[in-house]
Amino acid sequence: MSKRVRTAVFPVAGLGTRFLPATKAMPKEMLTVVDRPLIQYAVDEAREAGIEHFVFVTGRNKGVIEDHFDRQFELETTLEVRGKTAALHELQKDLPSAGRTSFTRQQEPLGLGHAVWCARDIVGDNPFALLLPDMLFKGEPGVLKQMMDAYEETGGNIIAVEEVPHDEVSSYGVIGRGEGPDNSFKLTEMVEKPKKEDAPSNLIISGRYILQPEIFSLLAEQTKGAGGEIQLTDAMQNLMHQQNFTGVKYVGKSFDCGSKIGFLTANVVYALERDDIRPGFIRELSKLDLEEQL
Ligand code: UTP
């Protein structure tokens, strides 16, 4: 039987240059979709999948993430005194239990692969989930839970994938699909940002992974790849020579909240799904002369 996945790693040390100046003093992962920060959605998804230990790889200006997952006694007391019990319960429910968070620091943003490697001592010799919090997923069950279901059957390494139009593959890590159903198929290869004609499929790696700890020793030796950064995909390609990788074409929808368009779209979609916001939001939108704007 495969070793259980209890730990999730959240790399939150990137510079978020696509969101400057918003991200000059505030981490990208604290940008809100409606009223919850991106990092909270990722933690909720991990918790739903059975994760017990939450590891954050932080960097400069990221102290606010640590504060977000801590108790705020002054705020809690004020909410209690003012009788705002619903808001108080909401805050308390979002918190991981005491001792279930760890923070480590990536001193320089040398790339996603390097950020993951920074978590090696905390994760130890265990499989772990990896969630990129700027990718927001809407799925029932959540995408990581869908991957955990595949992991229970296959063990090894699991990668969530999604389809994109063939014309867009050159912007992503693309996988080759082997045998098996959509919810658990053999992964035959991985190529980072291939030319359209060289791409093995139009299925892209989309920000959720379950990895075996052997990835750490490969990351330790990994030289800089695309963009001068230490790339996770390069280390995974090497790990593929030793271990199985399974693809999960998840059921759900993704929003790339690291890009402005994805982030704005997520806000509209999530707002329209909220009973407390939808009527007022539609009322205000209909007052705008959207046709003229478009
Ligand atoms: P991105 O590729 O979106 O990079 O990182 P970025 O630097 O945050 O953003 P842009 O491209 O400059 O706008 C994907 C995830 O990996 C983390 C980011 O915080 C984000 O969650 N990351 C990236 C690190 O933790 N360290 C790095 O060195 C790079």
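Just so it is clear, the model here is predicted, and its values are computed rather than measured.

Draft legend 1. Highlighting the site of the ligand. The environment of the ligand is formed by 18 residues, the closest being Pro 11, Thr 17, Glu 29, Gln 106 and Gly 111. Here Pro 11 contributes a backbone N or O atom positioned 2.8 Å from an oxygen atom of the ligand. In the model, an oxygen atom of the ligand is placed 3.4 Å from a nitrogen or oxygen of the Leu 110 main chain. Taking 570 Å² as the accessible area of the ligand by itself, protein coverage stands at 83%. Of the pockets mapped on this structure, the ligand occupies the largest pocket. Taken together, the residues of the shell around the ligand break down into nine nonpolar, five polar and four charged.

Draft legend 2. Fine view of the pairing of strand β5 (residues 101-105). Only one face of β5 is covered, namely the face carrying Ser 102 and Thr 104; the face carrying Thr 101, Phe 103 and Arg 105 is uncovered. Across five bridges, strand β4 (residues 53-58) lies against β5 in parallel orientation. Bridging across to β5, Val 55 finds its partner in Ser 102.

Draft legend 3. Molecular detail of the nonpolar core. The biggest cluster of nonpolar side chains holds 31 residues, and the ones touching the most others in it are Ile 215 and Met 236. Elements that contribute at least two residues to this core include exactly β4, α5 (112-117), β6 (128-131), β8 (157-163), β10 (185-192), β11 (203-211), α8 (215-221) and α9 (232-239). Leave out the neighbours within four places in its chain, and Met 236 touches Ile 159, Met 190, Ile 205, Tyr 209, Leu 211, Ile 215 and Phe 245. Residues Ile 39, Phe 69, Met 148 and Ala 150 belong to the second largest nonpolar core, which totals 30 residues.

Draft legend 4. Here's a closer look at unusual backbone geometry. The peptide bond linking Leu 20 to Pro 21 adopts the cis configuration, its omega dihedral lying at 5°. Position of Pro 21 among the secondary structure elements: in the loop between β1 (7-11) and β2 (32-33). Following Glu 140, the chain continues to Pro 141 via a peptide bond in cis, the omega torsion being 0°. Structurally, the position occupied by Pro 141 is in the loop between β7 (135-138) and α7 (143-154). Even without glycine at this site, Val 34 takes up a positive phi of about 60°.

Draft legend 5. Fine view of the pairing of β10. By the bridge criterion, five bridges tie strand β9 (residues 173-177) to β10 in an arrangement that is antiparallel. Bridge pairing in β10 links Arg 177 to Leu 187. Relative to strand β12 (residues 245-249), β10 is paired through two bridges, and the arrangement is antiparallel. Bridge pairing in β12 places Phe 185 opposite Gly 247.

Calculation notes
- Residues numbered from 1 in each chain as written.
- Predicted model: local features only at pLDDT ≥ 70, side-chain atom pairs only at ≥ 80, totals over all residues.
- Heavy atoms only, no water.
- Near = heavy atom within 4 Å.
- Polar contact = N/O pair within 3.5 Å; in protein donor to acceptor, adjacent residues only side chain to side chain.
- Areas by Shrake-Rupley, 256 points an atom, 1.4 Å probe, with all protein chains shown as cover.
- 1 Å grid on protein atoms, 1.4 Å probe; cavity = no way out; pocket = protein on both sides within 12 Å on 5 of 7 lines; lining within 4 Å.
- Sits in = over half its atoms within 2 Å of the grid points.
- Nonpolar A, V, L, I, M, F, W, Y, C, P; charged D, E, K, R; others polar.
- Buried < 20%, exposed > 50% of the residue type's maximum accessible area, 1.4 Å probe, protein only.
- Helix = DSSP H or I, 4+ residues; strand = E, 2+ residues; numbered from the N terminus.
- Pairing = 2+ DSSP bridges.
- Core = buried A, V, L, I, M, F, W, Y, C linked by side-chain atoms within 4.5 Å.
- Contact = heavy atoms within 4.5 Å.

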